[in-house]
Amino acid sequence: MSNNEEIIDELEKSYWAEIETIMNYLAHSVNLDGVKADIIKKSLAADVNEELNHAQMLAKRIKELGGVTPGSKKFKAHQEELQPLEDTTDVISIVYNVIQVEEEAIRQYKRIIKLCEAKDYVTQDLAVRLLADEESHKSEFESYLKEFRH
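Let me begin by describing the structure that accompanies this report. (Residues numbered from 1 in each chain as written. Predicted model: local features only at pLDDT ≥ 70, side-chain atom pairs only at ≥ 80, totals over all residues. Heavy atoms only, no water.)

1. Remarks on the layout of surface pockets
Of the voids in this model, the largest pocket is the one considered here, and its volume is about 510 Å³. Lining the largest pocket are 24 residues, with Lys13, Ser14, Trp16, Ala17 and His78 sitting closest to its centre. Elements supplying a minimum of two residues to the lining of the largest pocket: α1 (3-31) and α3 (91-116). Ranked by residues supplied to the lining of the largest pocket, first place goes to α1 with ten residues. Of the residues contributing to the lining of the largest pocket, the split by class is six nonpolar, five polar and 13 charged. (1 Å grid on protein atoms, 1.4 Å probe; cavity = no way out; pocket = protein on both sides within 12 Å on 5 of 7 lines; lining within 4 Å. Points joined across faces, edges and corners; volume = space filled by probe spheres on them. Helix = DSSP H or I, 4+ residues; strand = E, 2+ residues; numbered from the N terminus. Nonpolar A, V, L, I, M, F, W, Y, C, P; charged D, E, K, R; others polar.)

Written out as C-alpha cells, the structure reads:
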C-alpha cells in the first residue's frame, strides 16, 4: 500500500466515523426527554454541524490526495454505544457514550498525525485541527457528567 493509499484509508475511517456521529447525535438531539436533557440536546444539535464540517474537510482532503469520497453503499455502522436508547430520559448514559465516541475520534486523529509525520504536513495539520475539536467536545461532555453526578 502506498503512503497516500494508507493515509486515504485512515481519512476514510475518520470520514465514516464523522458521518455516523452526525446520525447518532442528530437522533439524540431529538429523542432525549426530561429536565436534564435540554442542555445535552442543544449541545448535540450544535455538534451535528461541527461534525458535518469535519466530514466535509476530510472528504476534500481525500479527493486532494487522489482518492474518491465514498458513497453510502460503503457505509458500515460501528457506534453501538451511541444507538438510541429505549429509555429516552437516560441522559447520563448518552453523555458517557458521547465521551467514548469522542475518545475514539481522538485516538483516530492521533493515528493520522503519527502516520503523516514528515510525509504529509497538510493532512497532519488537518488532523491536528480536528483533534483539537474532538478534545474540546470530550471536555464539554466530561463537564456535563460532573454536573450530573452532583
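Continuing now.
2. Digging into the side chain of Asp47
As for its position among the elements, Asp47 is in helix α2 (residues 37-64). Summary of buried charges: Asp47 has no salt-bridge partner, and the nearest side chain of opposite charge, Lys138, is 14 Å away. Every residue in contact with Asp47, bar those within four places of it in the chain, is listed here: Tyr25, His137, Glu140 and Phe141. (Buried < 20%, exposed > 50% of the residue type's maximum accessible area, 1.4 Å probe, protein only. Lys, Arg positive; Asp, Glu negative; His and termini not counted. Salt bridge = Lys/Arg side-chain N within 4 Å of Asp/Glu carboxyl O. Contact = heavy atoms within 4.5 Å.)

3. Some details on the pattern of salt bridges
Throughout the structure, instances matching the rule amount to eleven salt bridges. A salt bridge links Glu10 to Lys13, with the nearest nitrogen and oxygen atoms 3.1 Å apart. Of this pair, Glu10 and Lys13 both sit in helix α1, three residues apart, which is roughly one turn of the helix. Residue class for Glu10 comes out buried when judged on its relative accessible area of 13%. Two residues, Lys138 and Glu142, come together in a salt bridge whose shortest N-O distance is 3.3 Å. Of this pair, Lys138 and Glu142 are both found in helix α4 (residues 121-149), four residues apart, which corresponds to roughly one turn of the helix. Here the salt bridges do not stand alone but share partners, grouping Lys60, Arg61, Glu64 and Asp120 into one network.

4. A closer look at the packing of aromatic side chains
Taken as a whole and judged by the stated rule, the model has three aromatic pairs. Taking the centre distance of 5.4 Å and the plane angle of 55 degrees together, the rings of Trp16 and Phe75 count as tilted. With a gap of 59 residues between them, Trp16 in helix α1 and Phe75 in the loop between α2 and α3 connect regions that are remote in the sequence. Residue classification places Trp16 among the buried positions, given a relative accessible area of 15%. (Phe/Tyr/Trp six-rings, centres within 6.5 Å; stacked < 30°, edge-to-face > 60°.)

5. Digging into α2
Between its first and last C-alpha, α2 extends 40 Å over 28 residues, near the 40 Å set by a 1.5 Å rise per residue. Downstream of α2 by a residue or two, Gly66 has a phi angle that is positive, lying close to 95 degrees. (Expected span 1.5 Å × (residues − 1).)

6. Focus on empty space enclosed by the protein
If you roll a probe as big as a water molecule over the atoms, it shows you where there is empty space left. For the structure on display, the rule yields one cavity of 30 Å³ or more. In terms of lining residues, the largest cavity is bounded by His28, Asn31, Leu32, Pro84, Leu85, Asp87, Thr88 and Ile94. Class assignment of the residues belonging to the lining of the largest cavity gives a composition of four nonpolar, three polar and one charged.

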